[in-house]
Structure formats: C-alpha cells, structure tokens
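# Reading the structure
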Amino acid sequence: MTPLLDIQGILAAGRQKTGTKAFHMARLQENGFAVPRTWCIPTPVYEAYLADTGIQDRIGIELNRKAFDRMRWEEIWDVSLRIRNFFLNTPLPGPLEDRLTRVLAAACNDFPVAVRSSAPGEDEKASSFAGLHASFLNVTSSASILTHVRLVWASLFSDAALLYRKELGLSVERSTMAVLIQELIPSDCSGVFFSRNPADSSQMLIEAVWGLNQGLVDGDVDPDRWHLDRGNGRILVHHAPARSYCIQAGTGGVERVSLPLEMADKPSLETVMIDQVREAGCRLESIFGQPQDVEWTFWQGRFYVLQSRAITTSTAADTDDKRTWYLSLHRSYDNLRDLYDKIEHRLIPEMIQAAKDLGRINLSDLTPSDLCAEIDHRQAVYDHWVKVYWADFIPFAHGIRLFGQIYNDAVQPSDPYEFMTLLENTGLKSVRRNTLLEELAECIRTDPGLARTLKDHGTAPPDHLFSRRLDDFIDEFGDLSCTTGTGNECQYGDTAIIRILLAYARRPAKLPVPSDPGALEDAYLRSFAPDRQAYAKDLLHLGRESFRLRDDDNIHLGRIEARLHEAIQEGQARLSGPESEQEDLLCLTKIPALDAGAMAASGTAQNTEAGDQDAVYDRWFQARQIVGHPAGQGIARGTARVIRDPRDLTGFTEGEVLICQGVDPNMTFVIPLAAAVVEERGGMLIHGAIIAREYGLPCVTGADRILEYIRTGDRVTVDGYLGIVTCETDPV
Amino acid sequence: MESMDALTLFNTIRDLIDSQRLAVLCTQKDGHPYASLVAVAATPELDRIIFLTPVTTRKYDNLLACPNAAFLVNNSENRSEDIYQAAAVTATGTVTDVTDSEKLVLKTLYLKRHPHLASFAAAPTTALVCVKISRYFLVNRFQNVFELKVKP
C-alpha cells in the first residue's frame, strides 16, 4: 500500500485503514468544505513498523507485566512512558523511512503541518478519544514529521488512552493507528462548535479563541462562549471571558502570547462569523447523520473546517474509577507555571504560617470548652489544607511528568527515567529532616554518657546541647510520634524520636548519595535551539520544583495534622484524668476522634486483623518471587519489616527491608535505616521510591499483593535493577 | 495477579499439569545433568508424578544412581506472547518404590491419561517410575514464583 495517501487515496482506502478523523476530512472536502491540504499515513504502515522492529513484543511485555486492573494511575503512566520511549528510540525501517521521506518532501516540505492521530474507532459516537491521542502543530521537514508520526503512534498507549480503552472494552494489543498530516492554517481565530450542546439538547454551542485552537483544547485560554437556539439558531447568551492570551505557532511548536489591547477587548467572533460556523456545523450534522463536534478556524477571512466528529454519548468519565481523575490532571507548561507561582508564593507560606499559628496556643491552659473549640478549629484548618492538597498540590506533581516527556522528546535517552537524575538531590524537606536526625545521632555516637542516659531514661538533661538541638528539630518537624503511633493519637514527648535516634546512632551515618547531573543538564540544554534555551531552563526549574514540592507539601501538611493530634491528645488526657466527670468536659466526648468507644473498637479491630493474618498463614504455601517495577537500582538482602500499621515503624532496625503498602513522606525518616524499600503501590515517582533513590537504596514498587505474602522476619532479597523481590525458602 | 493462597495455587498447578501431556524430566548421575521429554500423569493429590520408560534409557540409569528428579510442565506455544502469557510449574521429588497393588492403580491412572501408550506400558522392559513430589514451583507473568510444599 502507498505509505502516504492524498484525499482521493483516503476515500479509496476507507475508514478502517485511515481512521475516522482522516476519513471525515476527505468526506468534508468531497462535500465542498474548505479544509487544509491533507494526507494520511494509513494503518498498515503502523502495523509494518511494529512487526518489522519487534516493538509489538516489547509492548506486550509492558502491558502484561501486571494485571491492568491492579495498576494504579502512576503505574499506568510509567507503562505509557516506557512504551513511548520504545517508539522514540526505534526509527522506521530504512526502506520505509526512505520512501516516506521522499513522498513527504514532494507533498509538504515547504510549509508547516499538523501531525494528528486518526485511529479507527476514534471520534466515533460511542468511543470518542478526544484529547487522548497526540497531535502536534507546526511541524516542519520530512524528518521531523516522521519523528512526530512515531509519537502519534505511541499515543495509542498514552496513559489516558490505556485507561479509556479498558473502560470501553477495546483491545490495546490489537489497536492500530493512522496519522493525519495537515497543512497548518495560521489562524486568526479558532474554535469548536457543538451542533447539540452536550449539557442542553435544545441548544447549540460555539466556543472561540483568538489564534490557534490549542489554547482552547488544553484549557489554557478561556474562550468566548455562545449558546444558540438549536431550533432557529438565535444567540441566547454570550459569555465573554477575560481575554489575555492566545496560542500561536512559535519556534518548534506553539507558544502563548499576550493579546494586544484591541483584541483583548473584542470577542473573537463577529456575528456574521458565528452564522458561518453555525451553518457549516448544521450542514455537517446532516452529512454525517448525527450531532457533530466541529473544530474550525478563520484565516484571512476564510473559514476552514479542521475536524468533524460525532458528539460522544458515553466515555470513561462516566465511571467512578478514581484513576480517570488522576489521569485527567495533565497540565500544560503555562498552566503549571501559574500553579507553581500560586503554590510556592502563596499556599506553602500560608501552610507554614497555619502550623505556626496553631503551635502558639498552649493547650494545657485552655478551659474544656475552649479546648473543644480549638479541636474543632484545628480539624477545620486541617480539612481545608487537605482540600488544597488535592486541588493544587497533586495536579502540580504533573510537572515532573511534563518535564520527563519533554526531556525524552529532546534527548531521546535509552532509559526513559534518565530525566529523574536532573530532578533529584534538590533539597527535599524530608531529606533535610533525615540529615538533622543524622546530626543528632552523631551527638549520641560521640558521647557514650549521653547514649547511656537516653537508653536508660529516654530523655537527656534539659541543659545538654543535644536537648536544645532536639527541641529545635521538634519545633520544625514534630516529634515523629504521630507517624509511629496509632495514627489517632500521638505519643507526645520524646519517646518515639529518642528510639529512632538510638537506632540511627547504632550504625554509621548514612547521607544522601550526591549526584552530579552537570553533563546530563548540558546535554539536555544543548538539545534545544538557542532561542529555546530560556524555555528549556524554565521547564527544568519547573520539573525540579514539582519534584521537591511533591514531597515537601506532605511534610507541611503533616505538621498541621500533628497540631490537630496534639489537641486531640490533650482532650484524651483530660477525659482520662481525675476531673473527667466534670460537666464542662462533656463537649469533648462529642468529638468523633475522642469517642472512647469507637477508639477502643478501632484499636481492637486493628489488632484482630493483624493477629488473624498470622494465624491463617499457611506455611505450605509461599511466594518465592514477586515481580514489581524497578524503582531504585541496587540489590540488597535483609530481614523483612512489614509495615501494616504506623506502630510497626517503631521496631524498625538497621538493615531491615521496609515493605509496605505505600511510604508516606512523614514516614520516610526510617529509610536511612533500611537496606531496601518495597512498596505495594506502583510508580517511579511515589514518595518511597524518591527517597530510596536519594539514599541510593534498591527499591521495588508495584509489588502486587506483597503484604499478603511476606511477613516481618522473612529473609528477602530486593533486586532494584529488575524489580524482583525474592523470599528465602528452604533449599530445594 | 489474582490473590494467591495454598488452595488457589494447588488448583492452578493441577490445571496446568492436566492441560499438558508431556513434561521435561531432569535427572543426573555423577554430576552430569540430563533432560528428557516424558509423558506424565499426576495423582489427584499431586503428591506423585508417574511416567513410563524403557529400562535401557539414560534417564532410567540416572534415576537408579540418583533418585532425585525434577519435572517441568509449561503451556507455552512458541509465540512471543509466551514470555508473559505462559505459565510453568517445576516439581521436585524423589523416586519411590511402589507395591504391586499401588502399581496397578497408578498404571490405570496413567493409561487413562495416555491410552495410546497401552502397548508400551505392557512391555516387560518398560518400567513405571513413581516420583514422590515434595515441592512445586509455579511461575507466571514472566517472573512471579509461588511455592507449594506437598504435605508428607
């Protein structure tokens, strides 16, 4: 088959080989609409590439390493990233590349193009994959077009596409992809038209922005929005946004530019243009026989249709799978920059201040009713910051993903996680906390008298330098007891932290492994043109801040949570004290966390669960080897310490292998004591993996059901190169 | 992967062995390893695996010298997908003597599984070898390994 089809070739080849998007473009031109010059690389080219290069087998291994429905969104992203790197690092077979280069040079070598996905099944009524597959604008030269064709192919396995295909019951392995290549229309203004408003079937809807459509599609530019009567086309209402920016073709892609005042003050469409969009959209609905979602643009007074597809009637967004929400958090560079400013300059300082303000109150001085009010207040403050965490901090973590993808596109490394080297050792707060712990431990190591006193009495003389430094530490990070207690009550005092410090002091100091990313950073920056250097540096900065804050925000939130627990603990002390019968203490019993019956039941349930697990454990059955994902290189052997409950952390000793569902950043002070880290949760970017790598520890994540198979005391070997955890069993 | 416990593992192993007619038998003598393809049958409790062999074979000679043996049963189909789709089970154990009455029961079990080997079984130079299994190792999804000890 010809590897590059023109409009006539697309019509002749049919929808199955050219995909819905390309086929519709051909139909549009056939029906007299102005469309950009269009070509299509049909699906057999993709299939030949997969078979000839062997990529399909590698994809199969990635997709089947773990049951898909057991993967968390972070693991889905990791799978997607690795598959994308296969495509990035695997050129087209020579003869195919030569042939495509020739025909592309003849067709579209002297103007920029858009390279867009056109998968069979995409853009159909029941399975719109809008936004799940990749499109690239402003691509020039045959070589660059072919690179972007591979990236469009790779987007068949984008994280969101993987998840939606599962939800829609489509086969991942048997999916195929055609690629649409269109002349890029520079665009004075652009938008979308829904011939039936998805939110109100009596209306039509037009959204329009100045410049290219990309800003609208990515959600970076607020559009003008017109609601029209579906019966007579009359404008019902116009929502005018604050117009500040538009997206235009720039060096190597698109860029956000400020709008001149005269454009910012004016709607992006005039009435006559609205009529033109509406008439075209209604005609498209009659051609395709169902309501359409149309992308269009105006340039130099001419109206072009860029795409027309059926309005989706059901998507995975209808499901209650939380992973869908996570994967919807893709953020553009501009969006993340705005979010960074908000987090770094407003939210984090506010969080620190909130924890400080709460800490100023002396709880023991409060009357019972004031204590009740204080607990309520602290709960409200904590709840507020949890909401902020989900709304702003979690989405900002996607800055790591954005940097990773752009790094991989620019550098094309064989290791898809090479970019992590540029993000690590950037001063995580949890690493600073652990370094201070090491300094305190060093005081104990070098002062046998102090070591004896701490061991025997659990505390040091108040005038000892150690005590003053410990106070400073607790002032900044808390006494760590909330994360080693039951979670409901902090063991207030120095007990927990002294136990941890004694464990630190029993072994030589362990500090983060220094790295020198200078050469990598140079290679990264060199891969950008001189006029893109500022962007590349800014993106690296954004990635580093995203990486740092991903961990730090939990530490800050943990401080606020600790203040809440302090107040709850004060309430517990009053309720169990000699004045517990006083009437004004009654308000305390109404606080859920202080409901004595519920607390007792909760404690019993936890203990029973742990006990039963041991009782039913069948020694005739044993997991010998469990595969997860390699998340920190190295190999280590040790005794397993399985953390099912925060209290399990207190017994953690040097050289044990930390095995847990997921490491909370507030728990990572035990990591310098560990020989290796294994997490049931998956992903390269989860907290345990991040800290393990900082300390150069072997780490395996996504070890499915490992808590069911391994007990504290089992001897295990952790292979952080292959992602394998091996349990020692009797010799064969 | 599905949650694995002793019963699930037992059933998975039994299904895999039941789905295959042949197994690779591993033997050794004087430190020299040897592998053979044999038609096997397992008892319902999976505590024994049996096979037939001419008494003149190297494997038989090896087992006389060293009764320890291992079997490998797998469902690969010589396709690239095997690497993540195929499962394999290794059984380890020791050749054990059986009484005549047990031999009759075991031979019946064996021929029910491999009826076309009836004349081979009837030959006076064919031996029925019974290996008492001590442990099974199931491998799936490329590298996940579970171990099942057979209760003595």
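Residues numbered from 1 in each chain as written. Chains lettered and ligands numbered in written order. Predicted model: local features only at pLDDT ≥ 70, side-chain atom pairs only at ≥ 80, totals over all residues.

## A look at the overall build of chain B
Of the regular secondary structure elements, chain B holds five helices and seven strands. Traced from its N-terminal end to its C-terminal end, chain B shows the element sequence α-β-β-β-α-β-α-β-α-α-β-β. Relative to the compact-globule value of 15 Å for 152 residues, chain B shows a C-alpha radius of gyration of 16 Å, a close match. When each of the 152 residues of chain B is scored for burial, the buried share is 27%. (Helix = DSSP H or I, 4+ residues; strand = E, 2+ residues; numbered from the N terminus. Rg over C-alpha atoms; globule rule 2.2 N^0.38 Å. Buried ≥ 20, exposed ≤ 12 C-beta atoms within 10 Å, placed from the backbone.)

## Remarks on the overall build of chain A
Helices and strands together make up the secondary structure of chain A, namely 26 helices and 20 strands. Expressed as a percentage of the 732 residues in chain A, the buried residues total 44%.

## Quick look at the nonpolar core
Among soluble globular proteins, nonpolar side chains are generally buried collectively. All names here are of chain A. Of all hydrophobic cores here, the largest spans 121 residues; its most connected members are Val 657, Leu 658, Ile 659, Ala 674, Val 677 and Val 678. For this core, the element with the highest residue contribution is helix 22 (residues 533-576), accounting for 10 residues. Look past the residues within four positions of Leu 658 in its chain and what remains in contact with it is Arg 641, Ile 643, Val 670, Ile 671, Ala 674, Val 677 and Val 678. Within the second largest apolar cluster, 89 residues are counted, among which are Phe 86, Val 149, Phe 157 and Val 305. (Core = buried A, V, L, I, M, F, W, Y, C linked by C-beta atoms within 7 Å. Contact = placed C-beta atoms within 7 Å.)

## Considering the sheet that holds strand 12 (residues 302-310) of chain A
Residues and elements named next belong to chain A. Here six strands make up an open sheet; going across it, the order is 8-7-6-5-11-12 and the pairing antiparallel. Each having just a single partner strand, strand 8 (235-239) and strand 12 make up the two edges of the open sheet. Adjacent strand axes in the sheet meet at a mean angle of 15 degrees, parallel and antiparallel pairs treated alike. Across the sheet, helix 11 (residues 271-288) is in contact with strand 5 (189-194), strand 6 (203-210), strand 7 (224-229), strand 8, strand 11 (292-299) and strand 12; its angle to strand 11 comes to roughly 140 degrees. (Pairing = 2+ DSSP bridges. Axes fitted to C-alpha atoms, helices over the stretch in contact; angles between N-to-C directions.)

## A few points about the pairing of strand 5 (residues 88-95) of chain B
Residue and element names in this part refer to chain B. Sheet topology note: the strand 4 (residues 68-74)/strand 5 ladder contains seven bridges and is antiparallel. Paired with Ala 69 across the two strands is Gly 93, which belongs to strand 5. Where strand 5 lies against strand 6 (residues 126-140), eight bridges are found, and the strand directions are antiparallel. Directly across from Ala 88, in strand 6, lies its bridge partner Val 139.

## Let's talk about helix 15 (residues 398-411) of chain A
Residue and element names in this part refer to chain A. For helix 15, with 14 residues, the first-to-last C-alpha span of 20 Å sits near the 20 Å given by 1.5 Å per residue. Along helix 15, the residues classified as buried are His 398, Gly 399, Ile 400, Arg 401, Phe 403, Gly 404, Ile 406, Tyr 407 and Asn 408. In this structure, the buried side of helix 15 is in contact with helix 5 (73-89), helix 13 (333-359), helix 14 (368-396), helix 16 (420-423), helix 21 (518-526) and helix 22. Directly beyond the C-terminal end of helix 15, a positive phi value near 50 degrees is found at Gln 412. (Expected span 1.5 Å × (residues − 1).)

## Considering the interface of chain A and chain B
With 21 residues of chain A in contact, the opposing surface of chain B contributes 23 residues. It is strand 13 (residues 621-627) of chain A that contributes the most residues to the side of chain A that touches chain B, seven residues altogether. Grouping the amino acids of the side of chain A that touches chain B by side-chain chemistry returns nine nonpolar, five polar and seven charged. For strand 13 of chain A and strand 7 (residues 144-149) of chain B, the ladder comprises four bridges, and the chain directions are antiparallel. Its bridge partner being in strand 7 of chain B, Gln625(A) is matched across the sheet by Val145(B). (Nonpolar A, V, L, I, M, F, W, Y, C, P; charged D, E, K, R; others polar.)

## As for the pairing of strand 6 of chain A
Residue and element names in this part refer to chain A. Most of strand 6 sits inside the fold, with seven of its eight residues counted as buried. In the sheet, strand 5 pairs with strand 6 via six bridges, with the strands oriented antiparallel. Counted as the bridge partner of Phe 193 is Ile 206 from strand 6. In this sheet, strand 7 lies alongside strand 6 in antiparallel orientation, the contact comprising six bridges. Counterpart to Met 204 in the pairing with strand 7 is Leu 228.

## Brief notes about the sheet that holds strand 3 (residues 135-139) of chain A
Where strands meet in a sheet, backbone hydrogen bonds hold them as pairs that are either parallel or antiparallel. All names here are of chain A. Strand order in the open sheet formed by four strands is 1-4-2-3, and the pairing between neighbours is antiparallel. The strands lining the two open edges of the sheet, one partner per strand, are strand 1 (38-41) and strand 3. For this sheet the average axis-to-axis angle between neighbouring strands, irrespective of direction, equals 20 degrees. Examined bridge by bridge, strand 1 and strand 4 (residues 178-183) share four bridges and lie antiparallel to one another.

## With respect to the environment of Ala114(A)
Residue and element names in this part refer to chain A. Residue placement: Ala 114 occurs in strand 2 (residues 113-118). Of the residues examined, Ala 114 has 22 C-beta atoms within 10 Å and is grouped as buried. Sequence separation between Ala 114 and Phe 136 is 22 residues, and the spatial gap between their C-alpha atoms is 5.5 Å. Excluding its chain neighbours within four sequence positions, the residues that come into contact with Ala 114 are Ser 135, Phe 136, Leu 137, Gln 182 and Leu 184.

## A closer look at unusual backbone geometry
Residues and elements named next belong to chain A. Here the phi dihedral of Gln 412 falls at roughly 50 degrees; this positive angle occurs in a residue that is not glycine. The residue Gln 412 is located in the loop between helix 15 and helix 16 in this model. On the neighbour-count criterion, Gln 412 (14 C-beta atoms within 10 Å) is partly exposed. The phi dihedral of Arg 705 falls on the positive side, at around 60 degrees, and the residue is not glycine. Here Arg 705 lies in the loop between strand 18 (699-701) and helix 26 (706-709).

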